[in-house]
Amino acid sequence: MVPPSFAGLSLDRPRLMAVLNVTPDSFSDGGEAFALEDAVRRGLAFLAEGADILDVGGESTRPGAEPVPVEEELRRVVPVIEALTAEGALVSIDSRRPEVMRAAVTAGARIINDVAALTGEGALDAAADLGVPVILMHMQGEPGTMQDNPTYGDVVAEVRDHLLARARACREAGIAAADIALDPGIGFGKTVRHNLSLLADLDVLAATGHAVVLGVSRKSYIAKIDRDVPPARRVAGSVATALAAWDRGVRIFRVHDVAEHRQALAVYGAIAEVQGKGP
Ligand code: HH2
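Conventions and cut-offs
- Residues numbered from 1 in each chain as written.
- Predicted model: local features only at pLDDT ≥ 70, side-chain atom pairs only at ≥ 80, totals over all residues.
- Heavy atoms only, no water.
- Axes fitted to C-alpha atoms, helices over the stretch in contact; angles between N-to-C directions.
- Helix = DSSP H or I, 4+ residues; strand = E, 2+ residues; numbered from the N terminus.
- Parallel < 35°, antiparallel > 145°, perpendicular 65-115°, else oblique.
- Left-handed = near helix turned anticlockwise from the far one by under 90°.
- Contact = heavy atoms within 4.5 Å.
- Nonpolar A, V, L, I, M, F, W, Y, C, P; charged D, E, K, R; others polar.
- Phe/Tyr/Trp six-rings, centres within 6.5 Å; stacked < 30°, edge-to-face > 60°.
- Lys NZ or Arg CZ within 6 Å of the ring centre and 35° of its normal.
- Buried < 20%, exposed > 50% of the residue type's maximum accessible area, 1.4 Å probe, protein only.
- Pairing = 2+ DSSP bridges.
- Right-handed = clockwise from strand over helix to strand, strands pointing away.
- Core = buried A, V, L, I, M, F, W, Y, C linked by side-chain atoms within 4.5 Å.
- Near = heavy atom within 4 Å.
- Polar contact = N/O pair within 3.5 Å; in protein donor to acceptor, adjacent residues only side chain to side chain.

Undergrad: So what's going on with the packing of helix α5 (residues 155-172) against helix α6 (residues 192-200)? Which residues, and what values?
TA: Where α5 contacts α6, the two axes come as close as 9 Å, and the packing angle between them is 70 degrees. One way to sum up the angle between α5 and α6 is to call them roughly perpendicular. Where α5 crosses over α6, the two elements pack in a sense that is right-handed. Of α6, the residues touching α5 (which contributes V155, V156 and V159) are H194, S197 and L198. For the contact of α5 with α6, the residue count by class is four nonpolar, two polar and no charged.

Written as structure tokens, this is what we have:
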């Protein structure tokens, strides 16, 4: 059950949300877009490659990461958002902090992407006040310690129930159901087995009727399956996961490698269309 659209984007075809980390320490692209000019250049290149959304973040949430002071997070993301929205980009702000959400939307961001699903103090109120669509991601624990010993009974049901509870809280705060997307949070307090179970059963999230966002790009489960390869060599595993996810109802893909995902999803979709199963 795929909703018709999210954040003004029709979901009859794959939508690519490009990862633009304005950080020195993100696990894959840390440091590559830390200076303003580099971040803007990278964002424009993503748009030229076919990105639908630029996901701007100023704090790494990789396993073991320490929080960044809020002033520093603001200093990193606000000028980048101003510059890219001035060029017509649809920008999401990847943050857990209400101050950053407010400043980002003032700077032109039109989507809030929160890895803590708006559980932080003041985050839900800020999102509701700002009136923009939200992406709610599941995380067990906090980035600093989340990979220490993640434990679930039934990971698929627990992630779905948590996200539905957060979606309900959003609706009670005044956010429309159509403006709420859900994301299972691959790698956030999950073992490889937990990640694979969630990926196998993504249709459970799609059956909620909310748009589903998936961020698997270059994540470490790929290396654990294939020879411990470093992040830059996990593109094929990321693409393979995206194709499997498309079949299970995911329509928004958070990726580092826009051109590769665009091509793979387009070819996959073209084959399915000939069979009458395409978008
Ligand atoms: N993953 C990361 C950050 N934000 N947002 C959503 N909705 N889904 C995700 O899976 C997700 C996310 C972590 O990846 P990345 O931004 O590439 O690295 P880092 O946290 O080290 O900056």
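Undergrad: Explain the packing of aromatic side chains to me, and be specific about the residues and the numbers.
TA: Per the counting criterion, the structure on display carries zero aromatic pairs. Between the NZ or CZ atom of R251 and the centre of the ring of W246, over which it lies, the distance is 3.5 Å.

Undergrad: Hey, could you go over the pairing of strand β6 (residues 111-114) for me, with residue numbers and the actual values?
TA: On a regular strand, one side chain projects to one face of the sheet and the next to the other, so that they alternate. With burial as the criterion, each face of β6 is covered, one bearing I111 and N113 and the other bearing I112 and D114. Judged from the three bridges that link them, strand β5 (residues 91-94) and β6 form a sheet pairing that is parallel. By the bridge assignment, S92 is partnered in β6 with I111. Handedness of the crossover is the feature at issue here: the chain leaves β5, passes through helix α3 (residues 98-107), returns alongside β6, and the resulting connection is right-handed. Across three bridges, β6 lies against strand β7 (residues 134-137) in parallel orientation. For D114, the partnering residue across the bridge sits in β7 and is L136. Once the chain exits β6 it traverses helix α4 (residues 123-130) before rejoining the sheet at β7, and the crossover so formed is right-handed.

Undergrad: Give a description of the nonpolar core that names residues and reports values.
TA: Membership of the largest hydrophobic core comes to 69 residues, with the highest contact counts inside it found for I81, L118, V134, L136 and F253. At seven residues, the largest contribution of residues to this core is made by α5. When residues no more than four places from it in sequence are discounted, the contact partners of I81 are V56, V91, I93, A104, A107, G108 and A109. Within the second largest apolar cluster, 12 residues are counted, among which are F6, A181, V213 and I252.

Undergrad: Any chance you could break down the side chain of N21 for me, citing the residues and the numbers?
TA: Tracing the sequence through the fold places N21 in strand β3 (residues 15-21). With sequence-adjacent residues up to four places away left out, N21 is seen in contact with S26, D29, A33, G57 and R254.

Undergrad: Lay out the site of the ligand with the relevant residues and their values.
TA: Around the ligand, the structure places 18 residues, and the nearest of them are S26, S60, D183, K219 and R254. Take F27: an N or O atom from its main chain is 3.0 Å from an oxygen atom of the ligand. Side-chain polar atom of S60 to an oxygen atom of the ligand: 2.7 Å apart, as the coordinates give it. Of all the secondary structure elements, the ones that give two or more residues to the shell around the ligand are β3 and β7. When grouped by side-chain class, the residues that make up the shell around the ligand number six nonpolar, seven polar and five charged.

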